[in-house]
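Spelled out from the first residue to the last, the chains are:
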Amino acid sequence: MSAPSATDSVAAHPGLTLGSLHVPTPVVLAPMAGITNAAYRRLCAEQGAGLYVCEMITSRGLVEGDQHTRDMLVFDELETVRSVQLYGTDPVHVGKAAEILCSEYGVAHIDLNFGCPVPKVTRKGGGGALPWKRGLLAEILEHAVRAAAPYDVPVTMKTRKGIDQDHLTYLDAGRIAQESGVAAIALHGRTVAQAYSGQADWDAIGELVAAVDIPVLGNGDIWEAADALRMVEQTGAAGVVVGRGCLGRPWLFRDLAAAFADPSSVGPVGTRSLPRLGEVAAMMRRHAELLCHHMGEERGCKEFRKHVSWYLKGFAAGGAMRRDLGLVSTLADLDALLAELDPDEEFPVSELGTPRGRQGSPRARVVLPEGWLDDADGRGCAVEEDLHSGG
(Lines give C-alpha, C1' and ligand atoms only; values in the text may rest on other atoms or scores of the structure.)
Protein backbone atom coordinates (compact mmCIF):
# COMPACT_ATOMS: atom_id res chain seq x y z
CA MET A 1 0.00 0.00 0.00
CA SER A 2 1.47 3.37 -1.00
CA ALA A 3 2.06 6.14 1.52
CA PRO A 4 -0.44 9.02 1.52
CA SER A 5 0.62 12.03 -0.49
CA ALA A 6 0.88 15.55 0.89
CA THR A 7 -2.39 16.45 -0.80
CA ASP A 8 -4.55 13.63 0.59
CA SER A 9 -5.49 15.32 3.86
CA VAL A 10 -4.61 18.99 3.40
CA ALA A 11 -7.56 21.23 2.57
CA ALA A 12 -7.35 24.85 1.45
CA HIS A 13 -5.38 26.69 4.13
CA PRO A 14 -7.16 29.42 6.15
CA GLY A 15 -4.02 31.56 6.25
CA LEU A 16 -1.74 32.67 9.05
CA THR A 17 -2.82 34.89 11.94
CA LEU A 18 -0.15 36.80 13.85
CA GLY A 19 -1.90 38.90 16.45
CA SER A 20 -3.81 41.57 14.53
CA LEU A 21 -2.10 40.66 11.25
CA HIS A 22 -3.64 38.12 8.89
CA VAL A 23 -1.54 36.64 6.09
CA PRO A 24 -3.77 34.94 3.48
CA THR A 25 -1.05 32.49 2.41
CA PRO A 26 0.89 30.97 5.35
CA VAL A 27 4.28 31.63 3.80
CA VAL A 28 7.05 33.90 5.10
CA LEU A 29 10.08 34.99 3.08
CA ALA A 30 13.06 34.55 5.38
CA PRO A 31 15.25 37.64 5.66
CA MET A 32 18.57 37.02 3.91
CA ALA A 33 21.44 39.50 4.10
CA GLY A 34 22.10 41.15 0.77
CA ILE A 35 19.12 39.38 -0.82
CA THR A 36 15.75 40.38 0.63
CA ASN A 37 15.96 44.09 -0.13
CA ALA A 38 12.91 46.09 -1.25
CA ALA A 39 13.35 45.04 -4.89
CA TYR A 40 13.47 41.32 -4.16
CA ARG A 41 10.59 41.50 -1.71
CA ARG A 42 8.43 43.17 -4.33
CA LEU A 43 9.49 40.65 -6.96
CA CYS A 44 8.42 37.78 -4.71
CA ALA A 45 5.23 39.53 -3.65
CA GLU A 46 4.25 39.95 -7.31
CA GLN A 47 4.21 36.16 -7.53
CA GLY A 48 1.90 35.36 -4.63
CA ALA A 49 0.53 36.33 -1.23
CA GLY A 50 2.69 35.96 1.84
CA LEU A 51 4.76 37.92 4.36
CA TYR A 52 8.03 39.31 3.04
CA VAL A 53 10.61 40.25 5.67
CA CYS A 54 13.25 42.96 5.28
CA GLU A 55 16.91 42.10 5.78
CA MET A 56 18.01 41.81 9.41
CA ILE A 57 19.05 45.07 11.07
CA THR A 58 20.77 45.59 14.41
CA SER A 59 18.84 47.21 17.22
CA ARG A 60 21.88 49.17 18.36
CA GLY A 61 22.45 50.54 14.86
CA LEU A 62 18.85 51.72 14.65
CA VAL A 63 18.82 53.28 18.13
CA GLU A 64 22.15 55.08 17.64
CA GLY A 65 21.21 56.36 14.20
CA ASP A 66 23.72 54.40 12.13
CA GLN A 67 23.18 55.61 8.57
CA HIS A 68 23.80 52.23 6.93
CA THR A 69 21.17 50.66 9.15
CA ARG A 70 18.69 53.40 8.32
CA ASP A 71 19.46 53.02 4.62
CA MET A 72 18.49 49.34 4.79
CA LEU A 73 15.00 50.27 5.96
CA VAL A 74 13.75 51.00 2.45
CA PHE A 75 10.31 49.80 1.41
CA ASP A 76 8.76 49.55 -2.02
CA GLU A 77 5.84 51.90 -2.67
CA LEU A 78 3.55 48.90 -3.12
CA GLU A 79 4.76 47.19 0.06
CA THR A 80 1.59 47.56 2.08
CA VAL A 81 2.65 45.28 4.95
CA ARG A 82 6.07 46.27 6.25
CA SER A 83 7.93 43.49 8.04
CA VAL A 84 11.41 43.81 9.57
CA GLN A 85 13.73 41.38 11.31
CA LEU A 86 15.59 42.82 14.27
CA TYR A 87 18.78 41.49 15.81
CA GLY A 88 19.87 42.39 19.30
CA THR A 89 21.39 41.12 22.54
CA ASP A 90 20.49 44.03 24.82
CA PRO A 91 16.87 44.14 26.01
CA VAL A 92 16.78 47.95 26.29
CA HIS A 93 18.20 48.45 22.79
CA VAL A 94 15.77 45.93 21.32
CA GLY A 95 12.81 47.59 23.01
CA LYS A 96 13.82 51.05 21.82
CA ALA A 97 14.45 49.75 18.29
CA ALA A 98 11.04 48.09 18.20
CA GLU A 99 9.41 51.38 19.19
CA ILE A 100 11.30 53.24 16.44
CA LEU A 101 10.22 50.69 13.83
CA CYS A 102 6.59 51.10 14.86
CA SER A 103 6.51 54.88 15.29
CA GLU A 104 8.86 56.05 12.52
CA TYR A 105 8.69 53.33 9.88
CA GLY A 106 5.11 52.11 10.16
CA VAL A 107 5.98 48.43 10.33
CA ALA A 108 3.18 45.92 10.71
CA HIS A 109 5.34 43.04 11.97
CA ILE A 110 8.64 42.64 13.84
CA ASP A 111 10.60 39.40 13.86
CA LEU A 112 13.47 38.85 16.30
CA ASN A 113 16.48 36.85 15.15
CA PHE A 114 17.67 34.12 17.50
CA GLY A 115 18.76 31.73 14.77
CA CYS A 116 21.71 33.27 12.91
CA PRO A 117 24.67 30.80 12.88
CA VAL A 118 27.33 33.24 11.60
CA PRO A 119 30.42 33.24 13.86
CA LYS A 120 30.65 37.05 14.07
CA VAL A 121 27.14 36.97 15.59
CA THR A 122 27.44 33.94 17.88
CA ARG A 123 30.80 35.08 19.30
CA LYS A 124 28.89 37.99 20.82
CA GLY A 125 26.20 35.71 22.19
CA GLY A 126 23.69 36.70 19.51
CA GLY A 127 21.63 34.82 16.96
CA GLY A 128 21.36 31.11 17.59
CA ALA A 129 23.58 31.33 20.68
CA LEU A 130 21.31 33.60 22.68
CA PRO A 131 18.44 31.22 23.57
CA TRP A 132 20.88 29.31 25.79
CA LYS A 133 20.46 32.26 28.19
CA ARG A 134 16.82 31.68 29.06
CA GLY A 135 16.48 34.69 31.33
CA LEU A 136 18.10 37.05 28.85
CA LEU A 137 15.87 35.72 26.06
CA ALA A 138 12.80 36.43 28.17
CA GLU A 139 13.96 39.98 28.91
CA ILE A 140 14.54 40.76 25.24
CA LEU A 141 11.19 39.35 24.17
CA GLU A 142 9.33 41.17 26.93
CA HIS A 143 10.92 44.52 26.03
CA ALA A 144 10.08 44.09 22.34
CA VAL A 145 6.49 42.98 22.93
CA ARG A 146 5.89 45.81 25.40
CA ALA A 147 7.28 48.43 22.97
CA ALA A 148 5.21 47.19 20.02
CA ALA A 149 1.95 46.67 21.95
CA PRO A 150 0.70 50.32 21.79
CA TYR A 151 0.94 50.11 17.99
CA ASP A 152 -0.81 46.72 17.83
CA VAL A 153 2.23 45.30 16.02
CA PRO A 154 2.84 41.56 16.52
CA VAL A 155 6.31 40.40 17.50
CA THR A 156 7.55 36.97 16.42
CA MET A 157 10.87 35.19 16.83
CA LYS A 158 12.96 32.80 14.80
CA THR A 159 15.32 30.28 16.32
CA ARG A 160 17.13 26.99 15.77
CA LYS A 161 17.06 23.68 17.63
CA GLY A 162 19.97 24.81 19.75
CA ILE A 163 23.70 25.44 19.73
CA ASP A 164 24.46 21.79 19.05
CA GLN A 165 22.91 18.42 19.86
CA ASP A 166 24.22 18.64 23.42
CA HIS A 167 22.79 22.12 23.99
CA LEU A 168 19.24 22.16 22.62
CA THR A 169 17.08 25.17 23.40
CA TYR A 170 14.02 25.15 21.14
CA LEU A 171 11.45 23.78 23.58
CA ASP A 172 12.45 26.26 26.30
CA ALA A 173 12.50 29.03 23.71
CA GLY A 174 8.95 28.17 22.67
CA ARG A 175 7.74 28.22 26.27
CA ILE A 176 9.45 31.56 26.94
CA ALA A 177 8.09 33.05 23.71
CA GLN A 178 4.56 32.06 24.67
CA GLU A 179 4.92 33.44 28.20
CA SER A 180 6.35 36.71 26.85
CA GLY A 181 3.43 37.44 24.55
CA VAL A 182 5.17 36.60 21.29
CA ALA A 183 2.68 36.04 18.45
CA ALA A 184 4.49 33.08 16.82
CA ILE A 185 7.81 31.25 16.76
CA ALA A 186 9.62 30.00 13.68
CA LEU A 187 11.94 27.02 14.06
CA HIS A 188 14.73 26.14 11.67
CA GLY A 189 15.20 22.40 12.11
CA ARG A 190 18.98 22.59 12.41
CA THR A 191 21.41 23.50 15.18
CA VAL A 192 23.88 26.38 14.98
CA ALA A 193 26.67 23.81 14.61
CA GLN A 194 24.95 22.37 11.52
CA ALA A 195 24.59 25.83 9.94
CA TYR A 196 23.01 24.93 6.56
CA SER A 197 24.46 21.44 6.21
CA GLY A 198 22.70 18.10 6.42
CA GLN A 199 18.96 17.63 6.60
CA ALA A 200 16.50 19.74 8.59
CA ASP A 201 14.84 17.95 11.50
CA TRP A 202 11.12 18.34 10.88
CA ASP A 203 10.34 16.10 13.87
CA ALA A 204 11.68 18.85 16.13
CA ILE A 205 9.23 21.28 14.54
CA GLY A 206 6.40 18.86 15.32
CA GLU A 207 7.60 18.57 18.93
CA LEU A 208 7.52 22.34 19.31
CA VAL A 209 4.01 22.50 17.82
CA ALA A 210 2.87 20.00 20.45
CA ALA A 211 4.58 21.92 23.27
CA VAL A 212 3.15 25.42 22.75
CA ASP A 213 -0.17 27.10 22.04
CA ILE A 214 1.15 29.90 19.81
CA PRO A 215 1.60 29.34 16.05
CA VAL A 216 4.79 27.57 15.02
CA LEU A 217 6.30 28.19 11.59
CA GLY A 218 8.52 25.51 10.08
CA ASN A 219 11.79 26.34 8.33
CA GLY A 220 14.31 24.17 6.54
CA ASP A 221 14.48 22.17 3.28
CA ILE A 222 11.45 23.66 1.55
CA TRP A 223 12.59 23.52 -2.06
CA GLU A 224 9.20 23.01 -3.76
CA ALA A 225 5.55 23.72 -2.98
CA ALA A 226 5.01 20.02 -2.26
CA ASP A 227 7.63 20.25 0.51
CA ALA A 228 5.66 23.02 2.21
CA LEU A 229 2.44 21.00 2.17
CA ARG A 230 4.26 17.96 3.47
CA MET A 231 5.87 19.94 6.30
CA VAL A 232 2.55 21.39 7.43
CA GLU A 233 0.89 17.99 7.32
CA GLN A 234 3.75 16.19 9.05
CA THR A 235 4.43 18.73 11.81
CA GLY A 236 1.15 20.57 12.33
CA ALA A 237 2.95 23.87 11.72
CA ALA A 238 0.80 26.93 11.11
CA GLY A 239 2.89 27.94 8.13
CA VAL A 240 6.33 27.84 6.58
CA VAL A 241 9.38 30.07 6.28
CA VAL A 242 11.20 29.92 2.95
CA GLY A 243 14.81 31.03 2.54
CA ARG A 244 17.33 29.46 0.17
CA GLY A 245 14.63 27.65 -1.82
CA CYS A 246 13.59 30.86 -3.56
CA LEU A 247 17.07 31.94 -4.67
CA GLY A 248 16.82 32.43 -8.41
CA ARG A 249 13.24 31.16 -8.19
CA PRO A 250 10.89 33.92 -6.99
CA TRP A 251 8.05 32.10 -8.76
CA LEU A 252 8.20 29.57 -5.91
CA PHE A 253 5.84 31.95 -4.10
CA ARG A 254 3.34 31.61 -6.97
CA ASP A 255 3.50 27.84 -6.57
CA LEU A 256 3.16 28.07 -2.79
CA ALA A 257 0.13 30.35 -3.02
CA ALA A 258 -1.52 27.96 -5.48
CA ALA A 259 -0.65 24.92 -3.36
CA PHE A 260 -2.12 26.29 -0.14
CA ALA A 261 -5.23 27.54 -1.96
CA ASP A 262 -5.76 24.19 -3.73
CA PRO A 263 -3.50 21.31 -2.61
CA SER A 264 -4.83 19.14 -5.44
CA SER A 265 -3.04 21.44 -7.89
CA VAL A 266 0.34 20.18 -6.71
CA GLY A 267 1.72 17.52 -9.02
CA PRO A 268 4.65 15.11 -8.65
CA VAL A 269 7.20 17.90 -9.21
CA GLY A 270 5.39 20.24 -6.86
CA THR A 271 4.21 22.81 -9.37
CA ARG A 272 1.63 23.11 -12.12
CA SER A 273 3.92 24.69 -14.70
CA LEU A 274 7.68 24.93 -14.93
CA PRO A 275 9.02 28.10 -16.54
CA ARG A 276 11.02 27.81 -19.74
CA LEU A 277 14.22 29.79 -20.03
CA GLY A 278 12.40 32.66 -21.74
CA GLU A 279 10.19 33.11 -18.68
CA VAL A 280 13.22 32.90 -16.40
CA ALA A 281 14.95 35.56 -18.50
CA ALA A 282 11.89 37.80 -18.14
CA MET A 283 12.03 37.31 -14.37
CA MET A 284 15.74 38.18 -14.36
CA ARG A 285 14.97 41.38 -16.28
CA ARG A 286 12.20 42.31 -13.86
CA HIS A 287 14.50 41.71 -10.89
CA ALA A 288 17.23 43.92 -12.35
CA GLU A 289 14.68 46.60 -13.23
CA LEU A 290 13.39 46.72 -9.64
CA LEU A 291 16.93 46.87 -8.25
CA CYS A 292 17.74 49.77 -10.55
CA HIS A 293 14.49 51.51 -9.55
CA HIS A 294 15.50 51.43 -5.88
CA MET A 295 19.28 51.81 -6.15
CA GLY A 296 20.03 53.49 -9.46
CA GLU A 297 21.23 51.66 -12.56
CA GLU A 298 24.90 51.25 -11.72
CA ARG A 299 24.44 49.86 -8.22
CA GLY A 300 21.29 47.96 -9.17
CA CYS A 301 23.10 46.06 -11.93
CA LYS A 302 25.97 45.25 -9.58
CA GLU A 303 23.54 43.91 -7.00
CA PHE A 304 21.85 41.79 -9.67
CA ARG A 305 25.08 39.99 -10.60
CA LYS A 306 25.04 37.72 -7.54
CA HIS A 307 21.67 36.28 -8.63
CA VAL A 308 22.72 35.16 -12.12
CA SER A 309 24.09 31.74 -11.14
CA TRP A 310 20.95 30.95 -9.15
CA TYR A 311 18.60 31.85 -11.98
CA LEU A 312 20.58 29.81 -14.53
CA LYS A 313 21.27 26.80 -12.30
CA GLY A 314 20.84 23.67 -14.40
CA PHE A 315 20.24 25.48 -17.69
CA ALA A 316 22.58 24.99 -20.64
CA ALA A 317 23.81 28.60 -20.77
CA GLY A 318 27.57 28.40 -21.26
CA GLY A 319 30.39 29.76 -19.17
CA ALA A 320 30.96 32.80 -21.37
CA MET A 321 27.29 33.80 -21.11
CA ARG A 322 27.28 33.36 -17.35
CA ARG A 323 30.49 35.36 -17.03
CA ASP A 324 29.13 38.21 -19.16
CA LEU A 325 25.86 38.28 -17.25
CA GLY A 326 27.89 38.42 -14.05
CA LEU A 327 29.56 41.60 -15.27
CA VAL A 328 26.54 43.59 -16.52
CA SER A 329 26.60 47.29 -15.71
CA THR A 330 23.53 48.57 -17.60
CA LEU A 331 20.04 47.31 -18.34
CA ALA A 332 20.79 47.65 -22.04
CA ASP A 333 23.72 45.23 -21.66
CA LEU A 334 21.47 42.85 -19.76
CA ASP A 335 18.78 43.00 -22.45
CA ALA A 336 21.31 42.20 -25.17
CA LEU A 337 22.63 39.17 -23.30
CA LEU A 338 19.23 37.81 -22.29
CA ALA A 339 18.16 38.00 -25.95
CA GLU A 340 20.85 35.41 -26.76
CA LEU A 341 19.30 32.78 -24.47
CA ASP A 342 17.09 30.08 -25.96
CA PRO A 343 13.59 31.06 -24.77
CA ASP A 344 12.23 27.58 -25.44
CA GLU A 345 14.75 25.67 -23.34
CA GLU A 346 12.81 23.67 -20.78
CA PHE A 347 13.34 24.01 -17.06
CA PRO A 348 15.92 21.49 -15.80
CA VAL A 349 13.73 19.01 -13.92
CA SER A 350 16.85 17.53 -12.31
CA GLU A 351 17.10 20.71 -10.20
CA LEU A 352 13.69 20.22 -8.57
CA GLY A 353 13.86 19.35 -4.90
CA THR A 354 17.60 19.98 -4.65
CA PRO A 355 19.31 22.37 -2.22
CA ARG A 356 20.08 25.88 -3.36
CA GLY A 357 22.45 28.47 -1.96
CA ARG A 358 25.05 27.79 0.67
CA GLN A 359 25.26 24.45 2.45
CA GLY A 360 28.77 24.02 3.81
CA SER A 361 29.82 21.54 6.46
CA PRO A 362 28.88 21.16 10.10
CA ARG A 363 31.14 22.96 12.56
CA ALA A 364 33.20 21.09 15.11
CA ARG A 365 32.82 24.01 17.50
CA VAL A 366 30.46 26.98 17.66
CA VAL A 367 32.21 30.27 18.44
CA LEU A 368 30.75 31.62 21.70
CA PRO A 369 31.71 34.22 24.31
CA GLU A 370 34.02 32.83 26.98
CA GLY A 371 32.06 30.93 29.63
CA TRP A 372 28.78 31.31 27.71
CA LEU A 373 27.59 27.78 28.49
CA ASP A 374 28.33 28.05 32.23
CA ASP A 375 25.13 29.95 33.01
CA ALA A 376 21.77 29.20 31.40
CA ASP A 377 19.97 32.28 32.74
CA GLY A 378 22.06 35.23 31.62
CA ARG A 379 20.00 38.15 32.81
CA GLY A 380 22.12 41.28 32.66
CA CYS A 381 25.03 39.62 30.84
CA ALA A 382 24.43 40.77 27.27
CA VAL A 383 27.55 41.24 25.16
CA GLU A 384 27.48 44.55 23.27
CA GLU A 385 26.16 43.98 19.79
CA ASP A 386 27.58 45.37 16.56
CA LEU A 387 26.60 48.84 15.50
CA HIS A 388 26.37 48.19 11.76
CA SER A 389 23.66 46.10 10.12
CA GLY A 390 24.10 43.87 7.10
CA GLY A 391 25.92 40.68 6.14
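About the criteria used
- Throughout this description, residue numbers start from 1 for each chain and increase along the sequence as written.
- Note on the predicted model: pLDDT of at least 70 is required for a residue's local features to be given, and 80 or more for side-chain atom pairs to be given and counted; whole-chain, interface and lining totals, by contrast, use all residues.
- Side-chain measures were taken over the full set of non-hydrogen atoms in the model, leaving aside hydrogen atoms and water.
- In this description, a nonpolar core means a group of buried Ala, Val, Leu, Ile, Met, Phe, Trp, Tyr and Cys residues linked to one another through side-chain atoms lying within 4.5 Å.
- With a 1.4 Å probe rolled over the protein chains alone, any residue whose accessible area is under 20% of its type maximum counts as buried; one over 50% counts as exposed, and the rest are partly exposed.
- Contact definition: two residues touch when any of their heavy atoms are within 4.5 Å.
- Using a 1 Å grid laid over the protein atoms alone, points where a 1.4 Å probe fits but cannot get out form a cavity; open sets with protein on both sides within 12 Å along at least 5 of 7 lines form a pocket; any residue with an atom within 4 Å of a point counts as lining.
- Grid points are joined across faces, edges and corners, and a volume is the space filled by probe spheres set on the points.
- Secondary structure counts use DSSP, requiring at least four H or I residues in a row for a helix and at least two E residues in a row for a strand, with both numbered from the N terminus.
- Under the scheme applied here, ten amino acids are nonpolar (Ala, Val, Leu, Ile, Met, Phe, Trp, Tyr, Cys and Pro), four are charged (Asp, Glu, Lys and Arg), and all others, including Gly, are polar.
- We define a salt bridge as a contact between a side-chain nitrogen of Lys or Arg and a carboxyl oxygen of Asp or Glu at a distance within 4 Å.
- A pair of strands is treated as paired once DSSP finds two or more bridges between them.
- When the strands point away from the viewer, a crossover counts as right-handed if the path from the first strand over the helix to the second runs clockwise.

I tried to follow the nonpolar core on my own but got confused; where do I start?
Most often, soluble globular proteins keep nonpolar side chains buried together rather than apart. Ranked by size, the top nonpolar core spans 107 residues in total, and within it Leu101, Ile110, Leu112, Met157 and Leu325 carry the most contacts. With residues near it in sequence (within four places) discarded, Leu325 still touches Met284, Arg305, Val308, Leu312, Leu334, Leu337 and Leu338. Leu18, Val53, Ala183 and Ala186 belong to the second-largest nonpolar core, a separate cluster that totals 13 residues.

Help me understand empty space enclosed by the protein, please; the structure alone is not making it clear to me.
To find leftover empty space, a probe the size of one water molecule is rolled over the atoms. All chains considered together, the criterion is met by one cavity of 30 Å³ or more. Approximately 120 Å³ is the volume attributed to the largest cavity. Lining the largest cavity we find 16 residues, and of these Val28, Asp111, Thr156, Ala186 and Leu217 sit closest to its centre. Elements supplying a minimum of two residues to the lining of the largest cavity: strand 4 (51-58), strand 6 (109-114), strand 7 (155-160) and strand 10 (184-188). For the lining of the largest cavity, the residue count by class is twelve nonpolar, two polar and two charged.

How should I be thinking about the environment of Ala259 in this particular structure?
Mapped onto the fold, Ala259 is located in helix 10 (residues 252-261). Taking relative accessible area as the criterion, Ala259 reaches 0% and is therefore assigned buried. Among residues more than four places away in sequence, those in contact with Ala259 are Ala225, Leu229, Ser265 and Val266.

I keep staring at the pattern of salt bridges and nothing clicks. Help me out?
A side chain of one charge can pair with a side chain of the opposite charge if their charged atoms are brought near each other. Taken as a whole and assessed by the stated rule, the structure comprises 25 salt bridges. Residue Arg254 pairs with Asp255 through a salt bridge whose shortest N-O separation is 3.1 Å. Judged by its relative accessible area of 26%, Arg254 falls in the partly exposed class. On the basis of relative accessibility, which here comes to 9%, the residue Asp255 falls in the buried class. In this structure, Glu346 and Arg276 form a salt bridge, with 3.7 Å as the shortest nitrogen-oxygen distance. Residue Glu346 is found in the segment after helix 15 (331-338), and its partner Arg276 is found in the loop between helix 10 and helix 11 (277-295); the two are separated by 70 residues along the sequence. When its relative accessible area of 54% is taken as the criterion, Glu346 is described as exposed. By sharing partners, the salt bridges in this structure join Arg42, Glu46, Asp76, Glu77, Arg285, Arg286, Glu289 and Asp335 into a single network.

Honestly, the pairing of strand 12 (residues 239-242) in this entry has me stumped. Any pointers?
Every other side chain in a regular strand lies on the same face of the sheet, so the side chains alternate between the two faces. Burial of strand 12 is two-sided: the residues Gly239 and Val241 facing one way and the residues Val240 and Val242 facing the other way are all buried. With three bridges connecting them, strand 3 (residues 27-29) and strand 12 associate as parallel partners. Residue pairing across strands places Val28 opposite Val241, the latter belonging to strand 12. Where strand 11 (residues 216-219) and strand 12 come together, three bridges link them in parallel fashion. Across the sheet, the residue bridging to Asn219 is Val241, located in strand 12. In this region the chain leaves strand 11, passes through helix 9 (residues 225-235) and returns to the parallel neighbour strand 12; the handedness of that crossover is right-handed.

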